[in-house]
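One-letter residues, chain by chain:
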Amino acid sequence: MKTKDIMARLQAKYPGESEYLQAVQEVLESIEEVYNQHPEFEKAKIVERMVEPDRIFSFRVTWVDDKGEVQTNTGYRIQFNSAIGPYKGGLRFHRAVTPSMLKFLGFEQTFKNALTTLPMGGAKGGSDFDPKGKTDEEIMRFCQAFMLELWQCIGPDQDIPAGDVGVGGREIGYLYGMYKKLAREYNTGVLTGKGATWGGSILRPEATGFGALYFTQNLLHHAGKDIKGCRVAISGFGNVAWGACTKALELGAKVVAISGPDGVCEIPDGITKEMIDYMLVMRASNRDRVEDMATRFPDKARFTAAKKAWSVKCDIALPCAFQNELSEDDAKELKENGCWCCCEVSNMGCQPGAIHFFQHNGILFAPGKAVNAGGVATSGLEMTQNAEHISWSGKEVDEKLHFIMNNIHEQCVKFGTQPDGSVDYVKGANIAGFMKVAQAMLEQGTI
Ligand code: 2IT
């Protein structure tokens, strides 16, 4: 297998699908050497099969807004790979959603889910619906219209969606309500991220952020460092950033920045519990503005328009917002500002140039598919609880999540340790995830 040849074919076949091509390139580059030591993979054309989704559903979603106007969006579900379990992955509602974006996310999800040690295949879905400025009623009507098509593609043993950007507990509630009505199935295991009183796992909302901090702690310990007292810059203020802030504070770190599409809030004395709670209010408002934090806490947070979290002096950077949110220039600025570690929490949050810069300038770096896997892992734990018709305590879920994150870190060390003793976490995560999926595909024959 030659990455160059496969990429040339994919570029010709899917011109313009830049996020998808970027994600495939990153994985193929890091597995090429190992792959070529396995002639049985080459013979079964594992890579050629793995880069193509199993199937893509695309559908029209028509709904009526509060003014009585008819609106039309496009919905998708991409079932990427089922080698190690039923399709599993989130739904993203964002105006920029395209098949390319969801293909990249589904591809990444496949390897991430393999890393969790739980039996889940990879999928992703969503819509170009823009939640910004929408009322609660509009959100509900959109979710219902979306499920009117989606329900036929999913099932507790086939494909289990969850939240992602723009889809949280409220949306999962509306989606599940409509699913029940259409399918006449009352198995809560069809969606994860549900409310805690009707099948949702305790700690699922916190899980991505908590897991990211557990991973970061592992990475720092491995490098002989400690998170206590470190200044942390976080991008975003959604569900993932919220969970990350909560755990960072608990572990004794100081969150000195959060950001949004409008700019950055610098918090010199560190974020407080009250401010973290306010992040939930900001997200529920659908205003998509981080400036609201500085308006609410003027003596604690200072807002600067059109600046990123990476302009603030910090030790650790945690991108928690969107793909490609951290460029090579941002990476350089971070280094100048004293940053020595970046754990990518958003999916593909760092541009290739930024990763290259981190890796060649002594900055510890770990990729999203390892760092953020605690979210989907806890979705897997939610599925187990649903299948057993029981509910675990927060302590039980947290222990299992912590154990899984430690295990993911170990897999990265096992497959990513370099001759000089340092760990290439990109290689480690990609090879560990890939080997598991490839082996399963091989054992299941040519399908
Ligand atoms: O990117 C992700 O891993 C998620 N959005 C969570 C997916 C899930 O099924 O919980």
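Here the structure is a predicted model, which is why all the values come from computation and not from measurement. Throughout, residues of each chain are indexed from 1 in the direction in which the sequence is written. The model is predicted, so local features are restricted to residues of pLDDT at least 70 and side-chain atom pairs to those at 80 or more, both for listing and for counting; the totals for chains, interfaces and linings are taken over all residues. The side-chain quantities take in all heavy atoms of the structure and omit both hydrogens and water.

## What about the site of the ligand?
We call a residue near a molecule or strand as soon as one heavy atom of that residue lies within 4 Å of the molecule or strand. What surrounds the ligand is a group of 13 residues, the closest being Lys 88, Lys 112, Asp 164, Arg 204 and Ser 379. Pairs of N or O atoms are called polar contacts if they sit within 3.5 Å, as long as, within protein, a hydrogen donor faces a hydrogen acceptor (for residues adjacent in sequence, only side-chain-to-side-chain pairs). The separation between an oxygen atom of the ligand and a polar side-chain atom of Gln 109 is 3.1 Å. Areas reported here follow the Shrake-Rupley algorithm with a probe of radius 1.4 Å; residue values treat only the protein chains shown as occluding. Calculation on the ligand without its partners gives an accessible area of 300 Å², and the protein chains cover 94% of this total. Helical segments are the DSSP runs of H or I of at least four residues, strand segments are the runs of E of at least two, and each set is numbered from the N terminus. Taken together, the elements giving at least two residues each to the shell around the ligand come down to strand E3 (87–93), helix H5 (99–115) and helix H15 (373–388).

## Some details on the packing of helix H6 (residues 136–150) against helix H7 (residues 169–183)
H7 packs onto H6 with a crossing angle of 45° between their chain directions and a minimal axis gap of 8 Å. When the axis of H6 is compared with that of H7, the two are oblique. Taken as a pair, H6 and H7 cross one another with a handedness that is right-handed. On H7, the residues touching Asp 136, Ile 139, Met 140, Cys 143, Gln 144, Phe 146, Met 147 and Leu 148 of H6 are Arg 170, Glu 171, Tyr 174, Leu 175, Met 178, Tyr 179 and Leu 182. Each residue is assigned to one of three groups, with Ala, Val, Leu, Ile, Met, Phe, Trp, Tyr, Cys and Pro labelled nonpolar, Asp, Glu, Lys and Arg labelled charged, and all others, Gly among them, labelled polar. When grouped by side-chain class, the residues that make up the contact of H6 with H7 number 11 nonpolar, 1 polar and 3 charged. Axes here mean lines fitted to C-alpha atoms, for a helix over just the part in contact, with angles spanning 0 to 180 degrees between N-to-C directions. Note on terminology: angles under 35 degrees are roughly parallel, angles over 145 are roughly antiparallel, angles of 65 to 115 are roughly perpendicular, and the others are oblique. When the near helix sits turned anticlockwise from the far one by under a right angle, the crossing is termed left-handed; a clockwise turn instead gives a right-handed crossing. Contacts are assigned to residue pairs with any non-hydrogen atoms lying within 4.5 Å of each other.

## Observations concerning the environment of Glu 19
Relative to the elements of secondary structure, Glu 19 occurs in helix H2 (residues 18–35). Through-space distance from the C-alpha of Glu 19 to that of Leu 105 is 8.7 Å; in sequence the pair is 86 residues apart. For Glu 19, the contacting residues outside a window of four places in its chain are Thr 98, Ser 100, Met 101, Phe 104, Gln 323 and Met 348.

## Quick look at helix H12 (residues 328–336)
Looking only at H12, the buried set comprises Asp 330, Ala 331 and Leu 334. Taken down its axis, H12 places every buried residue within 100° of arc, on the same side. For H12, the exposed residues lying more than 90 degrees away from the buried face are Asp 329 and Glu 336. Buried positions along H12 lie against strand E10 (316–318) and helix H13 (352–360). Burial here depends on accessible area, computed with a 1.4 Å probe over protein chains only, as a share of the maximum for the residue type. Under 20% is buried, over 50% is exposed, and the range in between is partly exposed. This arc is built from the directions going out from the helix axis to the C-beta atoms.

## Description of the sheet that holds strand E9 (residues 302–305)
The strand order across the open sheet built from 7 strands is E9-E8-E7-E6-E10-E11-E12, with neighbouring strands paired in mixed fashion. Both outer strands of the open sheet, E9 and strand E12 (364–366), are each paired with one neighbouring strand and no more. On average, each strand axis in the sheet is inclined to that of its neighbour by 15°, with strand direction left out of account. Here, strands pair whenever DSSP counts at least two bridges between them. Alignment of strand E7 (residues 254–260) against strand E8 (residues 263–266), held across 4 bridges, turns out to be antiparallel. Bridge pairing in E8 places Ala 257 opposite Glu 266.

## What to know about the nonpolar core
One broad trend across soluble globular proteins is that nonpolar side chains are buried collectively. If you look at the biggest cluster of nonpolar residues, it comprises 65 residues, and the most contacted ones within it are Phe 215, Ile 234, Ile 258, Ile 271, Met 279, Met 293 and Leu 318. With 8 residues, helix H8 (residues 204–222) is the single largest residue contributor to this core. With near-sequence residues (within four places) excluded, Leu 318 lies in contact with Leu 213, Thr 216, Val 232, Ala 233, Ile 234, Ser 235, Trp 310, Cys 343 and Val 345. Counting residues in hydrophobic clusters, the runner-up holds 40 residues, among them Met 1, Val 27, Ile 31 and Phe 107. Nine residue types can take part in a nonpolar core, namely buried Ala, Val, Leu, Ile, Met, Phe, Trp, Tyr and Cys, and a core is a set of them joined through side-chain atoms within 4.5 Å.

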